[in-house]
Amino acid sequence: MNTRRLRKTATAYVLLLPGLGVILGFVGVVLYFAFAQSFGQYTFAGEDAWNLDSWRQLAGNDRFREAFFYSLRIATLSAVISVALAYPLALWLRDPFPGSTFAGAVLKIPYLVPGLVAAFLYVNFISFNGFINQVLERLNIIDSPIRMQNDDRGIGVLILQAWKQIPLALLLLVGAVRGVGNDIYDAARDGGAGPGSRFVHITLPMTLQTLQAAMIIIFIGAAGDFSFQTVAGPRGTDSLAQFMFSTKNLADDRNFAAVVGLMLMALALFGSLALAGATRLAVNRGRYSR
Amino acid sequence: MSEELALRADGVSMVFDNGFQALDDVSVEAAPGEFVTLLGPSGCGKTTLLRLVGGFLEPTQGRIWLGSLDVTPVPPEKRDTAMVFQSYALFPHMTVDDNIDFGLRRKKLAKADRRDRVEEVVGYVSLESQRRKRPEALSGGQQQRVALARALATRAGVILFDEPLSNLDAKLREQVRFELRRLQREHGFTALYVTHDQAEALAMSDTVYVMNGGRVIQSGPPEDIYDRPRNRFVAGFLGVANVIQGTVSSRDGNGYRVDTGLGELLVSSNGDEEPPGEVELSWRPEDTEFVDADYVGDNVFDLKVTESVFLGNLIDVVGIVPGLTNEPIRAQLMRHTAVDVGSVLRTRIPPERLRILEPEE
């Protein structure tokens, strides 16, 4: 490489520094702290020593295992439910009709509501003395209130996740389904494909990349959920974020909290990639079915 | 409903939600194995009619029959039709084979039958070496062939063509035109073909329906329509025509004498009906004859050449008849005739080539 070219390249990197600085300075340092903490550094309350003690705690920790699989389940189901409900809405909004812009805007409102606010609004509905119980009692459908809040299966959290994430999925999927030309759908109909077949063989494969992107974003958000879990989640099971928080704040074990945090990041990364891969497999499998 | 017809659109009208009337009481029919073309300018309703036959639209009035079945309310996925779209509408995420196989899978054919059928139609359109490619890797002409193969594979009773050659260059268009006609003859499918290209319509069709303003203006074999256009629109839309005004002055044997800007012209009768006094006369430029300068007879005049254009196989001449009319008259000569601008040609129009046009509605 000649000197002039080298200087040009170096200038380009220097000009990139403000952007790279933010990434390296804020994200990289935080990641390094978490990584180092998980190996016994930055204990703050005691002596630092490089070791695997905190990682060894993972093996026999039932609360961690439970939190990990709970978060995995909630994140997976949230992503699947959100896109499953968003697809019909996206197809409905695909062709403009009177009021479609307004309908689309209304459907996106939940995205503007902060998670914690959404959780409290939801609790107003399902709490012991909440709206649903009051209506059911007044209609004489039930004699005494039903317990719906903090259910053991995390259904409340899933409802909240879907409510909050459908607008995001919708935002992405409307654009994608609009990208599939009317002629393509007409050709599929002409070939004998009914609505279900058109969805499986045309819509899904042709919007696969957007579908994967939506799944990944929703999975990552739901895997790291704290607010919905705290307000509406089951009392006996923690999410990973909740477990990390309690490990640090209640047990005052920063090193183990860092391990849980890294595992949460690993779950978000590998879980979302696995889900995207599984989505591709499922879509392709559907494509080659009749 | 006659059993002999493969397709019949009977008194079909179509008014869209915005109030636009695309079709007004249109009737079209096709016998099995017939190549029928809907020809007309943009907005004349030909594609709407095609989409009605395909089931993509439902008429506001009238019925559509396929064979002996009234399919008016039947959706496209349940009709015995296949369509070749103007954009080809190939599935971009599928290979050539998968595109062709798509309709066969929906028909739930056995895997071996599907494989054989795909191989067969791929052979018809000479795409054997492209079978694993996706549409994006194919040229326009190859994509057009895949679209045709996809339609042929389902062995639908009627194949609908929505201006399928309009995206091809002139040379390829001509080549595919011949191939399409050959395939239609070989496989005997009934074709309903939409185009605004009169050359395509004349070259490929058994029957042409000329449409304008949502109505069928004239239908019949291409030669009939070309030689005997019903009105000024048909005469002008199918090729080039000279049209002049005249007044019928008398009956003369099997024809009429008509006073025109070119003098009195003798016109062979094209029907028993007495024409009205004021008429329009039409003839094709290639029907013009050039005679010796001292020739005397009916329908003879001197044409002063104002323009002469070499068209390859022909020379296109535009001229006026000094002292009689300044309306430009077009004529065509064989290419080896020398024609200079400003020269005067003794010209004759055979009475049997003159046509009295009906007034336009």
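A few points on the structure. This structure is a prediction, so every number in the text was calculated from the model and none was measured.

With that settled, the discussion passes to a nonpolar patch on the surface. All names here are of chain A. Taken together, the side chains of Tyr 13, Val 14, Leu 16, Leu 17, Leu 20, Val 22, Ile 23, Leu 24, Phe 26, Val 27, Leu 31 and Met 265 present a nonpolar region at the surface, about 1,200 Å² in accessible area. At 11 residues, helix H1 (residues 3–38) tops the list of elements feeding residues into the nonpolar patch. Position of Leu 31 among the secondary structure elements: in helix H1. Residue classification places Leu 31 among the partly exposed positions, given a relative accessible area of 38%.

This next bit is on the interface of chain B and chain A. Each side of the interface is counted separately: chain B has 27 residues, and chain A has 21 residues. Contact with chain A buries area across many residues of chain B, yet Glu 77, His 93 and Arg 106 of chain B alone supply 31% of it, more than any other trio. At the surface where chain B touches chain A, the tally comes to 3 salt bridges. The salt bridge involving Asp 186 of chain A is made with Arg 51 of chain B; its shortest N-O contact spans 2.9 Å. For the interface between chain B and chain A, the tally reads 7 residue pairs in polar contact (both at pLDDT 80 or more). Within the residue set of the side of chain B that touches chain A, elements represented by two or more residues are strand S6 (81–84), helix H2 (96–106) and helix H3 (111–124) of chain B. Of the residues forming the side of chain B that touches chain A, the biggest block, 5 residues, is contributed by H2 of chain B. A class-by-class count of the residues in the side of chain B that touches chain A yields 14 nonpolar, 4 polar and 9 charged.

A separate point is the packing of helix H11 (residues 208–223) of chain A against helix H14 (residues 254–287) of chain A. All names here are of chain A. Their axes nearest at 9 Å, the elements H11 and H14 cross at an angle of 150 degrees. Taken as axis vectors, H11 and H14 run roughly antiparallel relative to one another. The crossing of H11 and H14 is right-handed. Residues Leu 208, Leu 211, Gln 212, Met 215, Ile 216, Phe 219, Ile 220 and Ala 223 of H11 pack against Leu 264, Leu 267, Ala 268, Gly 271, Ser 272, Leu 275, Ala 276, Gly 277, Thr 279, Arg 280 and Val 283 of H14. Partitioning the contact of H11 with H14 into residue classes produces 13 nonpolar, 5 polar and 1 charged.

Right, let's get into the environment of Gln 245 of chain B. All names here are of chain B. For Gln 245, the position within the fold is in strand S11 (residues 242–252). On a C-alpha basis, the gap between Gln 245 and Gly 214 in space is 27 Å, while along the polypeptide they are 31 residues apart. With near-sequence residues (within four places) excluded, Gln 245 lies in contact with Arg 232, Asp 259, Thr 260, Gly 261, Val 279 and Glu 280. For Gln 245, the side chain forms a polar contact with the side chain of Glu 280, separated by 3.1 Å.

It is possible for side chains of opposite charge to pair when their charged atoms get near one another. Across all of its chains, the model carries 29 salt bridges over all chains by this definition. Salt-bridge contacts for Arg 56 of chain A lead to Asp 53 of chain A; the nearest nitrogen and oxygen are separated by 3.1 Å. With Arg 56 of chain A and Asp 53 of chain A both in helix H2 (residues 53–59) and 3 residues apart, this pair spans about one turn of that helix. Overall, the relative accessible area of 55% leaves Arg 56 of chain A in the exposed class. Classification of Asp 53 of chain A by relative accessible area gives partly exposed; the value is 42%. For Arg 232 of chain B, the salt bridge goes to Glu 280 of chain B, with nearest N and O atoms at 2.4 Å. Residue Arg 232 of chain B is located in helix H8 (residues 232–237), and its partner Glu 280 of chain B is located in strand S14 (residues 278–283); the two are separated by 48 residues in the primary sequence. For Glu 280 of chain B, a relative accessible area of 16% translates into the label buried. Residues joined by salt bridges that share partners form a network here, namely Arg 189 and Arg 198 of chain A together with Glu 77 of chain B.

All right, on to the pairing of strand S12 (residues 255–260) of chain B then. Residue and element names in this part refer to chain B. Of all 6 residues in S12, 5 are buried; the element is thus mostly enclosed. The pairing of S11 with S12 spans 6 bridges and is antiparallel. Across the sheet, the residue bridging to Asp 252 is Gly 255, located in S12. Hairpin connection between S12 and strand S13 (residues 263–268): a loop of 2 residues separates the two successive antiparallel strands.

Another point: the nonpolar core. Counting 40 residues, the largest nonpolar core has Ile 202 of chain A together with Val 28 and Leu 192 of chain B as its most contacted members. Ignoring sequence-local partners within four residues, the contact set of Leu 192 of chain B consists of Leu 7, Val 28, Val 36, Leu 38, Leu 50, Val 53, Ile 159, Leu 160 and Phe 161 of chain B.

Residues and elements named next belong to chain B. Taking strand neighbours across the sheet as the criterion, the 4 strands line up as S2-S1-S4-S5 in an open arrangement whose pairing is antiparallel. Both outer strands of the open sheet, strand S2 (21–30) and strand S5 (69–70), are each paired with one neighbouring strand and no more. In the packing of helix H1 (residues 46–54) onto the sheet, contacts are made with strand S1 (7–15), S2 and strand S4 (61–66), and the angle to S2 comes to roughly 60 degrees.

On the secondary structure map, Thr 207 of chain B appears in strand S9 (residues 207–212). When neighbours within four sequence positions are excluded, Thr 207 of chain B is seen to be in contact with Glu 34, Phe 35, Val 36, Thr 37, Gly 220 and Pro 221 of chain B.

Residue and element names in this part refer to chain A. A cluster of like positive charges, contributed by Arg 4, Arg 5, Arg 7 and Lys 8, occupies part of the molecular surface. Tracing the backbone shows Lys 8 in helix H1. Exposure remark for Lys 8: the relative accessible area of 65% places this residue in the exposed category.

So, how was this worked out
- Residues numbered from 1 in each chain as written.
- Chains lettered and ligands numbered in written order.
- Predicted model: local features only at pLDDT ≥ 70, side-chain atom pairs only at ≥ 80, totals over all residues.
- Heavy atoms only, no water.
- Patch = residues over 30% accessible without salt bridge, like charges linked within 9 Å, V, L, I, M, F, W, Y side chains within 5 Å.
- Areas by Shrake-Rupley, 256 points an atom, 1.4 Å probe, with all protein chains shown as cover.
- Salt bridge = Lys/Arg side-chain N within 4 Å of Asp/Glu carboxyl O.
- Helix = DSSP H or I, 4+ residues; strand = E, 2+ residues; numbered from the N terminus.
- Buried < 20%, exposed > 50% of the residue type's maximum accessible area, 1.4 Å probe, protein only.
- Contact = heavy atoms within 4.5 Å.
- Buried area = accessible area lost by both parts, 1.4 Å probe.
- Polar contact = N/O pair within 3.5 Å; in protein donor to acceptor, adjacent residues only side chain to side chain.
- Nonpolar A, V, L, I, M, F, W, Y, C, P; charged D, E, K, R; others polar.
- Axes fitted to C-alpha atoms, helices over the stretch in contact; angles between N-to-C directions.
- Parallel < 35°, antiparallel > 145°, perpendicular 65-115°, else oblique.
- Left-handed = near helix turned anticlockwise from the far one by under 90°.
- Pairing = 2+ DSSP bridges.
- Core = buried A, V, L, I, M, F, W, Y, C linked by side-chain atoms within 4.5 Å.
- Lys, Arg positive; Asp, Glu negative; His and termini not counted.
- Charge placed at Lys NZ, Arg CZ, Asp CG, Glu CD.

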